[in-house]
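# Examining the three-dimensional arrangement
Okay, here's what each chain looks like letter by letter:
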Amino acid sequence: MKAALLGFGTVGKGVAGIIDQGRDKDTAGLEIVRILKRTPADDPRITLDYRDIEACDAELVAECMGGLEPAHTYVRKALEAGRHVVTANKKMLAEHYIELAGLAKEKGVRLLFEATAGGGIPWMAALRRLRRIDDVQSFRGILNGTTNYILSAMTDAGLDFGEMLKKAQELGYAEADPTDDIDGYDVRYKTVLSAIAAFDAAVRPETVPALGIRHISAADIAWGREHGRIVKLIASGEKKDGRLSLYVMPQFLPDTDVLARIGRNFNGVEAVSTTLGPSTYIGQGAGRLPTGHAMVQDMLTIAKGEEMTAYEAAAAEVDNSRVEKRFYIRTVKPEVFAGVMAEAAGTGAFVTECMPLIDLLALIGQAGDPELFAAVVAD
Ligand code: HSE
């Protein structure tokens, strides 16, 4: 099958490399005929003009440009033209899923997005496979490699957040502007897409509460250690009694929890489904070849005409009203939390009684402390 590639950065180069070199594998059935790039390069397939993509004879478009525009417009145009699309663009797809999936259905083409969450881990494929037999009841996972690298290194070396962020940037794990990673927005998009695959529920990204790790300190990590816990940034989703809960928060996990053991920049995610129970998937959550691998798997699914259960996601609302947890809070405004405080947790920090997440979020808003750190103390 002939394919056009939109974007030739880290992921695009991974996709092209895997296809161009995989001549003795199934990938021999794929050919990249055109590549859209921002700057000229020494490859006859490369163009700077999207009209060349529209004019080429590709049946499939692989989008790995990132960002909302022009990626959204280009994907919409590709679907309108009756081309299959695979994308690695979590932000664009989380924002526009309903529109684009509707268009794909209308045109009778596929829209696949394995590379958007969990990088190289076959997370979307696992959810699809589970759902051939089961209902998925819940998921939880580490879906951001940058923050897992930072948290793992802080836990192992006792260093502070600023030092580890700088090191992650030097190693190329964190962006120059790491906001999306460390404030939880990257995981929020991945949570939205996981909910589509797990529950057929498409929610607005901004309705998923997302708290990140920007203000975690070595003292917070040390408190966890003293209590047999390891902190991870966790995406949580559950569908129960018709209610859909979704949120992103750091969590102090018991150190025996399988997710607590996932170190370095790896991702790990667990689904709980009706007959299988918990199943966990671990691997490289980012990077050129792992993410390229996930995209090429989607391309092969389409090229080989593999029938996988199609998602029929409909617009849905987040309802976190049943989520009740104990929370660890460090803030310069402890008086705001006086009514829910259960025990001190070292200087400036405390643990709350078991309380609703939505009440905690209201108190955090009321406190208005820009350096507050909050985490779930998991059971
Ligand atoms: N910045 C992201 C991460 C890239 O670290 O997981 C992959 O989505």
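Residues numbered from 1 in each chain as written. Predicted model: local features only at pLDDT ≥ 70, side-chain atom pairs only at ≥ 80, totals over all residues. Heavy atoms only, no water.

## Some remarks on the sheet that holds strand β2 (residues 31–36)
Rules: Pairing between strands is defined by DSSP: at least two bridges between them are needed. Numbering of helices and strands runs from the N terminus, with a helix taken as a DSSP run of H or I at least four residues long and a strand as a DSSP run of E at least two residues long.
Read from one edge to the other, the open sheet built from six strands follows the order β3-β2-β1-β4-β5-β6, with strand pairing classed as parallel. Sheet topology places β3 (46–47) and β6 (111–112) at the edges, where each strand pairs with a single neighbour. Across four bridges, the pairing between strand β4 (residues 60–63) and strand β5 (residues 84–87) is parallel. Its bridge partner being in β5, Leu60 is matched across the sheet by His84.

## Things to note about the domain arrangement of the protein
Selection rule: What fixes the domain bounds is an automatic or database domain assignment.
Each domain of the protein was delimited in the assignment, giving domain 1 (2–112), domain 2 (132–283) and domain 3 (323–379). Centre-to-centre separation of domain 1 and domain 3, based on C-alpha positions: 44 Å.

## Regarding helix α11 (residues 288–303)
The periodicity of an α-helix, 3.6 residues per turn, causes residues three or four positions apart to be oriented the same way. How we decide: Under the convention used throughout, the expected extent of a helix is 1.5 Å for every residue step, that is, one less than its residue count. The cut-offs for exposure are 20% and 50% of the maximum accessible area for each residue type, with area from a 1.4 Å probe on protein chains only; residues under the lower value are buried, those over the upper are exposed, and the others partly exposed.
For α11, spanning 16 residues, the distance from its first C-alpha to its last is 22 Å, which sits close to the expected 22 Å at 1.5 Å a residue. If you check which residues of α11 are buried, you get Thr291, Gly292, Ala294, Met295, Val296, Asp298, Met299, Leu300, Thr301 and Ile302. Backbone geometry just after α11 places Gly305 at a positive phi near 65°.

## As for the pairing of strand β7 (residues 136–142)
Counting buried positions along β7 yields five of seven residues, so the element is predominantly enclosed. Across six bridges, β7 lies against strand β11 (residues 266–273) in antiparallel orientation. Considered in β11, the bridge of Arg140 is made with Glu270. For β7 and strand β9 (residues 229–240), the ladder comprises four bridges, and the chain directions are antiparallel. Bridging from a neighbouring strand, Ser138 pairs with Glu238 of β9.

## Considering the layout of surface pockets
Definition in use: Grid spacing is 1 Å over the protein atoms alone, the probe is 1.4 Å, and a cavity is where that probe fits but cannot get out, while a pocket is an open set with protein on both sides within 12 Å along at least five of seven lines and lining residues have an atom within 4 Å of a point. Grid points are joined across faces, edges and corners, and a volume is the space filled by probe spheres set on the points. Amino acids are sorted into nonpolar (Ala, Val, Leu, Ile, Met, Phe, Trp, Tyr, Cys and Pro), charged (Asp, Glu, Lys and Arg) and polar (every other residue, Gly among them).
The calculated volume of the largest pocket comes to roughly 1,400 Å³. As for the largest pocket, its lining consists of 47 residues, and the residues nearest its centre are Thr10, Val11, Gly66, Lys90 and Glu175. Of all elements in the fold, only α1 (10–21), α4 (90–107), α6 (145–157), α8 (179–182), α9 (185–199) and α11 reach the threshold of two or more residues within the lining of the largest pocket. When its residues are assigned to classes, the lining of the largest pocket shows 16 nonpolar, 19 polar and 12 charged. A domain split of the lining of the largest pocket shows at least three residues from each of domain 1 (2–112) and domain 2 (132–283). Its boundaries defined by the atoms lining it, the second largest pocket holds a volume of some 550 Å³. Taken together, 24 residues make up the lining of the second largest pocket; nearest its centre are Ser236, Glu238, Ser245, Tyr247 and Lys325.

## Here we look at the packing of helix α5 (residues 123–130) against α9
Using the following cut-off: Axis definition: a line fitted to C-alpha atoms, limited for helices to the stretch in contact. Angles are taken between N-to-C directions and run from 0 to 180 degrees. For this classification, under 35 degrees means roughly parallel, over 145 means roughly antiparallel, 65 to 115 means roughly perpendicular, and everything else is oblique. Each helix crossing is assigned a hand: it is left-handed if the near helix lies turned anticlockwise from the far helix by less than a right angle, otherwise right-handed if that turn is clockwise. Contact between two residues is taken to exist if any of their heavy atoms lie within 4.5 Å; hydrogens are not considered.
Interhelical geometry of α5 versus α9 gives an angle of 20° and a closest axis separation of 8 Å. When the axis of α5 is compared with that of α9, the two are roughly parallel. For the pair α5 and α9, the sense of crossing is right-handed. Residues Trp123, Met124 and Leu127 of α5 lie in contact with α9, whose contacting residues are Leu193, Ser194, Ala197 and Ala198. A class-by-class count of the residues in the contact of α5 with α9 yields six nonpolar, one polar and no charged.

## Looking at the nonpolar core
Rule in force here: We call a set of buried Ala, Val, Leu, Ile, Met, Phe, Trp, Tyr and Cys residues a nonpolar core when their side-chain atoms join them within 4.5 Å.
Ranked by internal contacts, the top residues of the largest apolar core, which has 83 residues, are Trp123, Ile150, Ile216 and Tyr328. Top contributing element to this core by residue count: α9, with nine residues. Residues contacting Tyr328, with those up to four places away along its chain left out, are Ala219, Asp220, Trp223, Phe252, Ala345, Ala349, Phe350, Val351, Phe373, Ala374, Ala375 and Val377. Ile234, Tyr247, Val323 and Met355 belong to the second-largest nonpolar core, a separate cluster that totals 26 residues.

## A short note on unusual backbone geometry
Here the bond from Glu69 into Pro70 is cis, since omega is 5°, no more than 30 degrees from zero. Following the sequence through the fold, Pro70 ends up in the loop between β4 and α3 (71–80). A positive phi is found at Asp200, a non-glycine position, where the angle reads about 60°. Notably, Arg264 is not glycine yet its phi reads approximately 45°, a positive angle. Assignment of secondary structure puts Arg264 in the loop between β10 (243–254) and β11. A relative accessible area of 58% means that Arg264 is categorised as exposed.

## Quick word on the site of the ligand
Keep this limit in mind: By convention in this text, a residue qualifies as near a molecule or strand provided that one of its non-hydrogen atoms is within 4 Å of it. Two N or O atoms count as a polar contact when they lie within 3.5 Å, although within protein this holds only if one can serve as hydrogen donor and the other as acceptor, and sequence-adjacent residues are included solely when both atoms are side-chain atoms. More than half of a molecule's atoms within 2 Å of the grid points is what it takes for that molecule to sit in a cavity or pocket.
Looking at the ligand, the residues that line it are Lys90, Asn144, Gly145, Thr146, Asp181, Asp186, Lys190, Gly285 and Ala286. Take Asp181: an N or O atom from its side chain is 2.9 Å from a nitrogen atom of the ligand. Measuring from an oxygen atom of the ligand, one finds a side-chain N or O atom of Lys190 at 2.8 Å. The cavity that encloses the ligand is the largest pocket.

## Comments concerning the side chain of Glu63
Using the following cut-off: Neither His nor the chain ends is counted toward charge; the positive residues are Lys and Arg and the negative residues Asp and Glu. What counts as a salt bridge is simple: a side-chain nitrogen of Lys or Arg found within 4 Å of a carboxyl oxygen of Asp or Glu.
Mapped onto the fold, Glu63 is located in strand β4. Although buried, Glu63 forms no salt bridge, and the nearest oppositely charged side chain, Arg38, lies 8.6 Å from it. In this structure, Glu63 is in contact with Leu6, Ala71, Val75, Val86, Thr87, Ala88, Asn89, Met92 and Met295, ignoring residues within four places of it in sequence.

## Considering the packing of α1 against α11
The angle between the axes and the distance between the axes are what describe a pair of packed helices. Running from N to C, α1 and α11 cross one another at 60°; their axes reach a closest spacing of 8 Å. Here α11 runs oblique to α1, going by the angle between their axes. The interaxial crossing formed by α1 with α11 has right-handed handedness. Here Thr10, Val11, Lys13, Gly14, Val15, Ile18 and Ile19 of α1 lie close against α11, whose contacting residues are Arg288, Leu289, Thr291, Gly292, His293, Met295, Val296 and Met299.

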